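# Architecture and fold: a report
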Amino acid sequence: TNDSELKIVAGYANKGDEGKQFMRWVFGGRAETVLVREYGAVKDLKGGFNFSAVEDAHNSIGNKAGVRDASNRVGSVNGQTIVWQNTEIQMEAAKAWIDEDTSPNTTVDRTTGSALRMSSNTKFDKSSKLKLGYEWISADFNTLSGSAIPDRVNFTSRLDKKWNDEWKSEMGYRLYYDKL
């Protein structure tokens with residue numbers, strides 16, 4: 001229906017060779033549904049979850065000296081809504097599990113990490129827009145197939161104003177730092 005969405009993906013990357021690269025299998029899914037169509041100032045409140053997994057193919061290379069095959073899982077819950085008819089808010093909280101060495105005689109323990117992302121887009125009128133964002137990623141959050149940078153906090157803002165057909169202005173600010 002128009003109120004729900006389900007996606008499933010699968011693939012592989014890093015063709016296995018003797019140059020110390022494993023063949024890496026990637027698969028995952030996403031489910032999302034509309035929880036509330038309209039309630040007061042809130043419109044189209046959606047909720048969902050995502051899951052992805054990465055597995056290195058253990059036998060895809062013969063020369064494993066100094067190379068570890070990994071296993072990684074990332075799960076998240078997300079939400080999205082429109083408030084006051086002009087502000088879209090998105091949120092996501094994620095957890096990652098990684099086994100950096102899946103060989104039978106490993107001494108490497110599993111690590112887990114967390115991440116949080118929030119953003120808002122406000123359109124004041126046809127000529128003015130404001131975007132705000134916040135990301136917090138713990139030091140142990142690892143995603144072998146994603147783009148998150150572990151151990152980082154990131155704030156972003158951007159204000160766009162179109163004065164007329166010839167003039168427009170953009171103002172932005174970004175602050176990021178390691179949480180050490």
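Above this text is the structure in question.
Throughout what follows, the structure given in this document is the object of discussion. Given the structure is predicted, the values throughout are model-derived calculations rather than measurements. (Residues numbered from 1 in each chain as written. Predicted model: local features only at pLDDT ≥ 70, side-chain atom pairs only at ≥ 80, totals over all residues. Heavy atoms only, no water.)

## As for the sheet that holds strand β1 (residues 4-13)
The strands making up a sheet associate through backbone hydrogen bonding, with each pair oriented either parallel or antiparallel. Here is the rule: Whether two strands pair comes down to DSSP finding at least two bridges between them. Only DSSP runs of H or I with at least four residues qualify as helices, and only runs of E with at least two residues qualify as strands; both kinds are numbered from the N terminus onward. Only C-alpha atoms enter the line fits that serve as axes; for helices the fit covers just the stretch in contact. Angles between N-to-C directions range over 0 to 180 degrees.
Strand order in the open sheet formed by nine strands is β1-β2-β3-β4-β5-β6-β7-β8-β9, with antiparallel pairing between adjacent strands. At either end of the open sheet lies a strand with only one pairing partner, and these are β1 and β9 (168-177). Across the sheet, the axes of successive neighbouring strands diverge by a mean angle of 10°, strand direction being ignored. With 14 bridges connecting them, strand β2 (residues 24-39) and strand β3 (residues 42-56) associate as antiparallel partners. Counterpart to Thr33 in the pairing with β3 is Gly47.

## Some details on a positive patch on the surface
Going by this rule: Candidate patch residues must exceed 30% relative accessible area and have no salt bridge, after which like charges are joined if within 9 Å and Val, Leu, Ile, Met, Phe, Trp or Tyr side chains if within 5 Å. Per-residue accessibility takes into account occlusion by the displayed protein chains alone, with areas from the Shrake-Rupley method and a 1.4 Å probe. What makes a salt bridge here is a side-chain nitrogen of Lys or Arg within 4 Å of a carboxyl oxygen of Asp or Glu, nothing more. We score Asp and Glu as negative and Lys and Arg as positive, and we do not count His or the chain ends. For charged residues, the charge sits on one atom: NZ in Lys, CZ in Arg, CG in Asp, CD in Glu. Partly exposed residues are those whose accessible area sits between 20% and 50% of the maximum for their type, while under 20% is buried and over 50% is exposed, using a 1.4 Å probe and protein chains only.
Where like charges cluster on the molecular surface, the positive patch consists of Lys123, Lys126, Lys129, Lys131 and Lys168. Taking relative accessible area as the criterion, Lys129 reaches 38% and is therefore assigned partly exposed.

## Here we look at a nonpolar patch on the surface
Together, Phe155, Tyr173, Leu175 and Tyr177 give the surface a local cluster of nonpolar side chains, amounting to about 390 Å² of exposed area. For the nonpolar patch, the leading source of residues is β9, giving three residues. Checked against the element boundaries, Phe155 lands in strand β8 (residues 152-162). Overall, Phe155 belongs to the partly exposed group, its relative accessible area being 32%.

## A closer look at the pattern of salt bridges
Summed over the entire model, instances satisfying the criterion amount to twelve salt bridges. Residue Arg30 is joined to Glu5 by a salt bridge in which the shortest nitrogen-to-oxygen separation is 3.7 Å. With Arg30 in strand β2 and Glu5 in strand β1, this residue pair connects regions lying 25 residues apart in the sequence. On the basis of relative accessible area, Arg30 is assigned to the partly exposed category, the value being 25%.

Scope: geometric values only; no functional claims are made or implied.
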